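Below are the chains, spelled out letter by letter.
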Amino acid sequence: MTTIGYEEIESPIGRLTLGWSGALCQIEFGAFEPNRSRLEAWSSRWFGTTRWERNPSLLKEAAAQLDAYFSGKLQRFTIPLDLRGTPFQRQVWQALQSIPYAQVCAYKDIAERIGAPKAVRAVGGANNRNPVPIIVPCHRVIGASGSMVGYGGGLDIKTYLLRHEGYRLEGAAL
């Protein structure tokens, strides 16, 4: 039976739980234990297992790249990813990876980029289910009006990440 290796790391946005399945497969906002049931349900669906085992050695490189990102030394991640989701979700996540550092685009832009211009809401749903936020930069997607819209880690974390990257947030809605 497959086991997902995990480690918790501290970051400027709080504790993150990283999951490894042979490649990075999960970044969860918060510690493992409070999120255990959600993570086990997710891994049961996509990996056929609910077994998670702390294994820091598997996640050293992912932790190092996240640390370099948060210290301003890394703009593009090179850690291998194991993105599990529907074909549509994976298509959206692939498109998210093409958004340059410190830039943003709208859900509508992603929908058009993947050839599904009417699927704006579905793009939002896929964005919300991104299993590796930060590395697959779903925080770089904003509303069509330029307003901040939902983020799995909360709008305060989304704002922090965009400011950290040097994106200038303007207007009261941001």
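Residues numbered from 1 in each chain as written. Predicted model: local features only at pLDDT ≥ 70, side-chain atom pairs only at ≥ 80, totals over all residues. Heavy atoms only, no water.

Labelled according to an unreviewed UniProt entry, the chain appears under the name Methylated-DNA--protein-cysteine methyltransferase, originating from Paenibacillus validus.

1. Concerning the overall build of the chain
Scanning the chain for helices and strands turns up six helices and six strands. Reading the chain from its N end, one meets helices and strands in the order β-β-β-α-β-α-α-β-α-α-β-α. Here the C-alpha atoms of the chain give a radius of gyration of 16 Å, agreeing with the 16 Å that 2.2 N^0.38 yields for 174 residues. Taking the principal axes of the C-alpha coordinates as reference, the chain spans close to 45 × 35 × 30 Å. For the chain, the share of sequence-separated contacts (at least 6 apart) that also reach a separation of at least 24 residues comes to 57%. Per element, the accessible surface of the chain, about 8600 Å² overall, is 48% carbon and sulfur. With 20 positive and 15 negative side-chain charges, the chain shows a spacing of 6 Å between the two charge centroids. (Helix = DSSP H or I, 4+ residues; strand = E, 2+ residues; numbered from the N terminus. Rg over C-alpha atoms; globule rule 2.2 N^0.38 Å. Contact = heavy atoms within 4.5 Å. Areas by Shrake-Rupley, 256 points an atom, 1.4 Å probe, with all protein chains shown as cover. Lys, Arg positive; Asp, Glu negative; His and termini not counted. Charge placed at Lys NZ, Arg CZ, Asp CG, Glu CD.)

2. A short note on the environment of Gln-94
With respect to the secondary-structure elements, Gln-94 resides in helix H3 (residues 87-96). Looking at Gln-94, the relative accessible area reads 54%, which means it is exposed. Taking the C-alpha atoms as reference, Gln-94 lies 8.0 Å from Val-136; in sequence the two are 42 residues apart. (Buried < 20%, exposed > 50% of the residue type's maximum accessible area, 1.4 Å probe, protein only.)

3. Quick look at helix H1 (residues 32-47)
Its 16 residues give H1 an end-to-end C-alpha distance of only 18 Å, which falls more than 12% under 22 Å, the value for a rise of 1.5 Å per residue. A maximum bend of about 40° is found in H1 at Arg-38. Along H1, the residues classified as buried are Phe-32, Asn-35, Leu-39, Glu-40, Trp-42, Ser-43 and Phe-47. Looking at the packing, one finds that the buried side of H1 touches strand S1 (4-9), strand S2 (16-20), strand S3 (24-29) and strand S4 (52-54). Looking one or two places after H1, you find Gly-48, whose phi comes out positive at around 70°. (Expected span 1.5 Å × (residues − 1). Bend = angle between axes of the 7 residues up to and from the residue.)

4. A look at the layout of surface pockets
Computed from the structure, the largest pocket encloses a volume of approximately 520 Å³. Together, 26 residues line the largest pocket, and Arg-38, Asn-128, Arg-129, Asn-130 and Pro-131 are the ones closest to its centre. Those elements that place two or more of their residues in the lining of the largest pocket are S3, H1, H3 and helix H5 (120-128). It is H1 that contributes the most residues to the lining of the largest pocket, five residues altogether. (1 Å grid on protein atoms, 1.4 Å probe; cavity = no way out; pocket = protein on both sides within 12 Å on 5 of 7 lines; lining within 4 Å. Points joined across faces, edges and corners; volume = space filled by probe spheres on them.)

5. What about the environment of His-139?
When you line up the elements, His-139 lands in the loop between H5 and strand S6 (141-142). Sequence separation between His-139 and Phe-29 is 110 residues, and the spatial gap between their C-alpha atoms is 13 Å. If sequence neighbours within four positions are ignored, His-139 has contacts with Tyr-69, Ile-134, Tyr-151, Lys-158, Leu-161, Leu-162 and Glu-165. Here Glu-165 takes part through its side chain, which lies 2.8 Å from a polar atom of the side chain of His-139. (Polar contact = N/O pair within 3.5 Å; in protein donor to acceptor, adjacent residues only side chain to side chain.)

6. A few points about the state of the cysteines
Considering all chains together, one arrives at zero disulfides under this definition. Take Cys-105: it sits in no disulfide, and the sulfur closest to it among the cysteines is that of Cys-138, at 11 Å. The buried category is assigned to Cys-105, whose relative accessible area is 9%. Of the residues examined, Cys-138 reaches a relative accessible area of 5% and is grouped as buried. (Disulfide = S-S within 2.5 Å.)

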